[in-house]
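Single-letter residue listing:
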Amino acid sequence: MLTITFLGVGSAFAKRNFHSNALIEAWTNGPHTQKAPDDNLLIDFGSTGPLALHHLKNVAGFEYLSSQGRICYPAIKRVFVSHQHADHVGGLEELALANRFLHNSHGGENARPQLIGDTRVLQSLWEQSLKGGLRAMEGDTATMTDYFSILELERNTPNGAGFQLLDRYGFSIFPTDHLCIQQRHDWPSFGLHITDSANGDTAFFSGDTKFDYETYSPMLQAAKVNFHDVQLRDQPNPVHALLSELRTMPEEIRQKTYLYHYDDTWDQPEYAVVQEEFAGFVLPQKRYVIFD
Ligand SMILES: [Zn+2]
Ligand SMILES: [Zn+2]
């Protein structure tokens, strides 16, 4: 079984929900018979990620994320980084430092989760985001590999670059049209296409992206379930998919598409109809089954 739990479902500026980061869990059987998954993966860990995880560890079924009242960071085995915005990477400094300095007495060795991402994303992540807080250590300096084991994905490999969980669930990345400096895809940002090799079922996770139905429609159509970035209000030159644009997708796709990355106005009456137009807004801190 493969499940997904959003730590938060909010936009970069949301205050009523945490940032849109998600916990993927891979199970041999499932949460009904296992206390913890066999493997797991965070999709992004933004500025509000640590507080979101602090809440999630107290939710029934997520006790394995708790250790003596605080977050058990070593329980997070892998982190995929979709792109470099702070709502997706701003919690990684805490995760790295906590693994190195708070939890190293537990297993003897420092926990070094696997950090997964496109080569350019990971290089910029260290050089431009993480190095400022993680390089200096008492009497020493550190590099990214002191905190993480690194899995670089080269996006131009055949069939899309990727990785697997439990030798069954395949994750491949695809570039998203999120923020374009001069030309499409020139600022690296990625979504995930997930395949269950047991039966060929697929799922689509958009990552941060403009509306790009032309590119994504084969994946959206074939998938069992879709999770799509949404911006509720229209604006000129958006860097997210507008709700008004997502409404133009065919009914059969909308009905299996959950929306996330929404702002704090989601519960205004004008958006009540979203529950009928789509699979609905993703609810935070609720475990959804992707593949049985
Ligand atoms: Zn974002
Ligand atoms: Zn973004």
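Small disclaimer: the values here were computed from a predicted structure and weren't measured.

> Help me understand the overall build of the protein, please; the structure alone is not making it clear to me.
Check the secondary structure of the protein and you find 10 helices and 18 strands. Here the C-alpha radius of gyration of the protein, 18 Å, is about what a compact globule of 292 residues would show, namely 19 Å. Overall, the C-alpha framework of the protein stretches about 55 × 50 × 40 Å when taken along its three principal axes. Every one of the 292 residues in the protein was classed for burial, and the buried ones make up 44%. Restricting the contact set of the protein to residue pairs at least 6 apart, pairs at least 24 apart contribute 58%.

> Before we go on, may I ask you to explain the packing of helix H3 (residues 92-102) against helix H5 (residues 119-134) in this structure?
The relative placement of two packed helices comes down to the angle between their axes together with the axis-to-axis distance. At a minimum axis separation of 10 Å, H3 and H5 run at an interaxial angle of 40°. One element, H3, and the other, H5, form an angle in the oblique class. Crossing of H3 over H5 shows right-handed handedness. Between H3 and H5, the residues in contact are Leu92, Glu93 and Ala96 and Leu130, Gly133 and Leu134, respectively. In terms of residue class, the contact of H3 with H5 is made up of 4 nonpolar, 1 polar and 1 charged.

> It is not clear to me how the nonpolar core should be interpreted in this structure. Could you clarify?
Generally speaking, nonpolar side chains in soluble globular proteins are found buried as a group. Ranked by internal contacts, the top residues of the largest apolar core, which has 75 residues, are Leu7, Ile43, Val79, Val81, Val230, Leu259 and Tyr260. Ranked by the residues each element gives to this core, the list is headed by H5, at 5 residues. Once residues within four sequence positions are removed from consideration, Ile43 is found in contact with Asn21, Ala22, Ile24, Phe80, Ser82, Leu192 and Phe205.

> Can you help me understand the sheet that holds strand S2 (residues 22-26) in this one?
Consider a sheet: its strands pair through backbone hydrogen bonds, and that pairing is either parallel or antiparallel. A sheet is described by the order of its strands in space; here 7 strands give the open sequence S10-S7-S6-S3-S2-S1-S18, paired in mixed fashion. Bordering the open sheet on either side are strand S10 (149-153) and strand S18 (287-291), each of which pairs with just one other strand. The sheet shows a mean angle of 25° between the axes of neighbouring strands, taken without regard to direction. In this structure, strand S6 (residues 78-80) lies alongside strand S7 (residues 114-118), joined through 3 bridges in parallel fashion. Bridge pairing links Phe80 to Ile116 in S7. Docked against the sheet, H5 engages S7 and S10, running at close to 120° with respect to S7.

About the cut-offs
- Residues numbered from 1 in each chain as written.
- Chains lettered and ligands numbered in written order.
- Predicted model: local features only at pLDDT ≥ 70, side-chain atom pairs only at ≥ 80, totals over all residues.
- Helix = DSSP H or I, 4+ residues; strand = E, 2+ residues; numbered from the N terminus.
- Rg over C-alpha atoms; globule rule 2.2 N^0.38 Å.
- Buried ≥ 20, exposed ≤ 12 C-beta atoms within 10 Å, placed from the backbone.
- Contact = placed C-beta atoms within 7 Å.
- Axes fitted to C-alpha atoms, helices over the stretch in contact; angles between N-to-C directions.
- Parallel < 35°, antiparallel > 145°, perpendicular 65-115°, else oblique.
- Left-handed = near helix turned anticlockwise from the far one by under 90°.
- Nonpolar A, V, L, I, M, F, W, Y, C, P; charged D, E, K, R; others polar.
- Core = buried A, V, L, I, M, F, W, Y, C linked by C-beta atoms within 7 Å.
- Pairing = 2+ DSSP bridges.

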